[in-house]
Amino acid sequence: MNHVLNITATNTPAVVERLLQVTRYRGYELAGLQLTPRHDAKSLNITLTVSGDKPIHLLTSQLHKLYDVQQLELAGSELAVLSA
Amino acid sequence: MKGAELVLQVLQQHGVDTIFGYPGGAIMPIYDALYQSDVKHYLCRHEQGGAFSAIGYARASGKVGVCMATSGPGATNLITSLADAMLDSVPVVAITGQVSQAVMGTDAFQEIDVLGLSLAVTKHSFMVRSVAELAATLHEAFAIAQSGRPGPVLVDIPKDVQLAEIAYQAEHAKASKAASVHTSLANAGKARALIAAAQKPMAYIGGGVHMAGAMSQLQQFLTANPMPSVTTLKAMGSVAKDNAHYLGMLGMHGTQAANLAVQQCDLLICLGARFDDRVTGNLQKFAPHAKVIHVDIDPAEINKVRFAHVALLGDMKQILPAISAGTNCADWLAQCAQLKQQYGWRYDHPGERIYAPLMLKQLSERMPDNSVVCCDVGQHQMWVAQHMRFSSPRNHLSSGGLGTMGFGLPAAIGAKLARPQDTVITVSGDGSFMMNVQELATIKRFRLPVKIVIVDNQRLGMVKQWQQLFFNERYSETDLSDNPDFVALAAAFAIPGHCITRKDEVESALEAMFTWPGPYLLHVCIDDKDNVWPLVPPGAANEEMITEAKA
Ligand SMILES: Cc1ncc(C[n+]2csc(CCOP(=O)(O)OP(=O)(O)O)c2C)c(N)n1
Ligand SMILES: [Mg+2]
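Residues numbered from 1 in each chain as written. Chains lettered and ligands numbered in written order. Predicted model: local features only at pLDDT ≥ 70, side-chain atom pairs only at ≥ 80, totals over all residues. Heavy atoms only, no water.

(A) Region of the structure containing the sheet that holds strand β13 (residues 372–375) of chain B. All names here are of chain B. Taken together, six strands build an open sheet; the order of strands is β14-β13-β15-β16-β18-β17 and the sheet is parallel. Of all strands in the sheet, those bounded by a partner on one side alone are β14 (396–397) and β17 (497–500). Note that β13 and β14 share two bridges and pair parallel. Each residue of the ladder has a partner; that of Val373, found in β14, is His396. (Pairing = 2+ DSSP bridges. Helix = DSSP H or I, 4+ residues; strand = E, 2+ residues; numbered from the N terminus.)

(B) Fine view of the interface of chain B and chain A. Taken together, the 15 residues of chain B in the interface contact 11 residues of chain A. Where chain B abuts chain A, roughly 1,100 Å² becomes buried across the two surfaces, and 58% of that area is made up of carbon and sulfur atoms. When residues of chain B are sorted by the area they lose upon contact with chain A, B:Leu119, B:His124 and B:Ala300 head the list and together hold 44% of the total. Our count for the contact surface shared by chain B and chain A stands at one salt bridge. With its nearest N and O atoms 2.5 Å apart, the salt bridge here joins A:Lys65 to B:Asp298. Linking chain B to chain A there are three residue pairs in polar contact (both at pLDDT 80 or more). Listed by contribution, the elements that provide at least two residues to the side of chain B that touches chain A are α5 (114–118), β5 (124–127) and α6 (131–146) of chain B. Examining the composition of the side of chain B that touches chain A, we find that three residues originate from one element, β5(B), more than from any other. (Contact = heavy atoms within 4.5 Å. Buried area = accessible area lost by both parts, 1.4 Å probe. Salt bridge = Lys/Arg side-chain N within 4 Å of Asp/Glu carboxyl O. Polar contact = N/O pair within 3.5 Å; in protein donor to acceptor, adjacent residues only side chain to side chain.)

(C) Looking closely at the pattern of salt bridges. All names here are of chain A. Across all of its chains, the model carries 20 salt bridges over all chains by this definition. Ionic pairing is found between Arg18 and Asp68, a salt bridge with its closest N-O pair at 3.6 Å. Of the two residues, Arg18 is situated in helix α1 (residues 15–25) and Asp68 in the loop between α2 (57–64) and β4 (69–77); the sequence distance between them amounts to 50 residues. In this pair, the class of Arg18 matches that of Asp68, namely buried. (Buried < 20%, exposed > 50% of the residue type's maximum accessible area, 1.4 Å probe, protein only.)

(D) Focus on the coordination of the magnesium ion (ligand 2). Residues and elements named next belong to chain B. At this site the magnesium ion (ligand 2) is bound by Asp430 (OD), Asn457 (OD1) and Arg459 (O), with donor distances of 2.0 to 2.2 Å. Donor residues binding the magnesium ion (ligand 2) come from one chain and are separated in sequence as D-x26-N-x1-R. You can see Asp430 sitting in helix α18 (residues 430–433) and its partner Asn457 sitting in the loop between β16 (451–456) and α20 (461–470), a full 27 residues away along the chain. In this structure, Asp430 and Asn457 share a single accessibility class: buried. (Donors = N, O, S within 2.8 Å, 3.2 Å for Na, K, Ca; no water.)

(E) Here's a closer look at the environment of A:Ala75. Residue and element names in this part refer to chain A. Mapped onto the elements of the fold, Ala75 is located in strand β4. Ala75 gets classed as partly exposed once you look at its relative accessible area, which sits at 46%. Sequence separation between Ala75 and Ile7 is 68 residues; the distance between their C-alpha atoms is 9.7 Å. Apart from the residues lying within four places of it in its own chain, the contact partners of Ala75 are Val4 and Asn6.

(F) View of the domain arrangement of chain B. Residues and elements named next belong to chain B. By domain assignment, chain B separates into domain 1 (3–169), domain 2 (188–342) and domain 3 (356–525). Measuring from the centre of the C-alpha atoms in domain 1 to the corresponding centre in domain 2 gives 37 Å. Taken together, the contact pairs eight residues of domain 1 with six residues of domain 2. Overall, the association of domain 1 and domain 2 removes approximately 560 Å² of surface from exposure, summing both partners, and the carbon and sulfur fraction of that is 53%. Joining domain 1 to domain 2, the criterion identifies two salt bridges. One salt bridge in this structure joins Arg149 and Asp298, with 2.9 Å as the shortest N-O distance. At the junction of domain 1 with domain 2, the criterion picks out three residue pairs in polar contact (both at pLDDT 80 or more). When the residues that make up the side of domain 1 that touches domain 2 are grouped by side-chain class, the tally is three nonpolar, two polar and three charged. (Domains from an automatic or database assignment. Nonpolar A, V, L, I, M, F, W, Y, C, P; charged D, E, K, R; others polar.)

(G) Quick look at helix α17 (residues 408–418) of chain B. The buried count for α17(B) comes to 11 of 11 residues, which makes it a mostly enclosed element. Those residues of α17(B) that fall on the buried side of the exposure criterion are B:Gly408, B:Leu409, B:Pro410, B:Ala411, B:Ala412, B:Ile413, B:Gly414, B:Ala415, B:Lys416, B:Leu417 and B:Ala418.

(H) How the structure looks around the sheet that holds strand β3 (residues 65–69) of chain B. Residues and elements named next belong to chain B. As summarised here, the arrangement of the six strands in space is β2-β1-β3-β4-β6-β5, forming an open sheet in which the pairing is parallel. Since the sheet does not close on itself, it has two edges, and those belong to β2 (40–43) and β5, each with one partner. Each adjacent strand pair in this sheet contributes to an overall mean axis angle of 20°, direction not counted. Judged from the four bridges that link them, β5 and strand β6 (residues 152–158) form a sheet pairing that is parallel. Of the residues in β6, the one forming a bridge with Met127 is Asp156. (Axes fitted to C-alpha atoms, helices over the stretch in contact; angles between N-to-C directions.)

Following this line, the structure appears as structure tokens:
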């Protein structure tokens, strides 16, 4: 089941590693990653697509805690579509 | 001034007067600045020990613990202790030197990607790229370590940044304030309704309560809402000693009364705890009849492993009064009192050999009020939790989440420096003690009057117990019968000691240890066959405890 997360993060050297480390450790697989610096290059727009069978809140609640993550929203997931 | 001096200035701005560490090439500028600083540095003899001392300091005092190490091996030696602080939510700031930026990324001498290593074991970590960022980064590190759910923060500082000049006026720098915690009481009404309606309510208390500074709110809550309570390992000492409804620790080595009552309750009020697997046993079978109210500061703990019917996030001090509803459960209180009575500990152990539970009970009764007990990991750790009483969780420092052998001795050093007026006791095992034994040199140098009690079963006892119960008595690599002479070992560090083997020697040995003004080592030999009971076997529900009689 794929979940798409739209993330705004501070552009620090390890921020992408942090996102990926939490994703892996919490048991989700990486299914897509896009990032573009925002105009001032101080922040990044990141689209992180992950797959996993566990409820996605178990991942988003951990990603939210990352100090460099400013905003995080679940853009969509099959689960959400099915249960809607 | 130099970046290195700035580091010490910022530490002082945060009220830090005590740090633990070990020097080396990439952190020499900071050590040079220390040479004429008011910040007192305690030289550990292994960076893991230094960081454990910072943890002991933080846990005994409620302040932030600070430790330092050089690049490469110094920094990698910190990792275990940072992991320990991470899993037990201890506010620690670790400062590491890094090779100069000119050679960074070239596999320079003692260069290791410490930022990369830190990701899994810190709440957050920084690499400082310019001296202009240094002060702000350090302020942020302190703010993050203490805010919300506390944790360790690492700041990696390249040598050239330490050496760079900067004009810095400490008084103008304002410490960045910790992100204030948002408290939502929106669900308080629902929680009150559940509490008022419960016939068998139970308070399940974790380390989050005392870390939130909510000890008095907790006592008030338990008084206004009489109900039985249980605590986790980290929360031992949270419930006032005169609370008649307290049932002890729950979980794998919890009391029978605590586990049986939790399994029967119809409302579980989880306060600053996280349903750890050592607490729940078989999760699916844990407290099967209970609705759950979960109060925590960390949103990620809500519904992580156990569904919460009502969740309240934020400051425990505000939440506890807001969910007080009054209880009416006299029958349940009587039933729990009966369990407590029926399954009370027994100390009538036959024979003349020392029975560790009884010895620890005697130690507990004899130690001065407000003593701090620092444990290591294994059977002795569980016996301490079972048989000693504490008046505050700050008086019982035990490595909970990580279960790190080698924690006790260095943690005691930190605790003693944080609370010089209070007696500090390490209760260690013959295995664990050897894991940071080098810190005896730190005790010697600073003449720290730490009391060391080694519970010696000549075994890696906890592992041996599992081999006996679950691995067909195949005792693979758990025999320590060739242990060193611990009293002689202590003597090499100018620490006097005494060895006892018989029950009737215990009282006088404890008396001698407490009467002696300085550090002291009491070597307590016990039977290698003694095990920790009760025990919830792996995969079992918490009511399926094995006891000595059944085993
Ligand atoms: C650093 C570390 N390595 C290994 C373990 C696994 N372990 C848990 S308890 C234990 C035995 C501890 O022996 P000892 O300190 O003598 O305590 P006892 O159980 O005998 O009281 C071991 C090896 C651990 N918890 N920590
Ligand atoms: Mg042992």
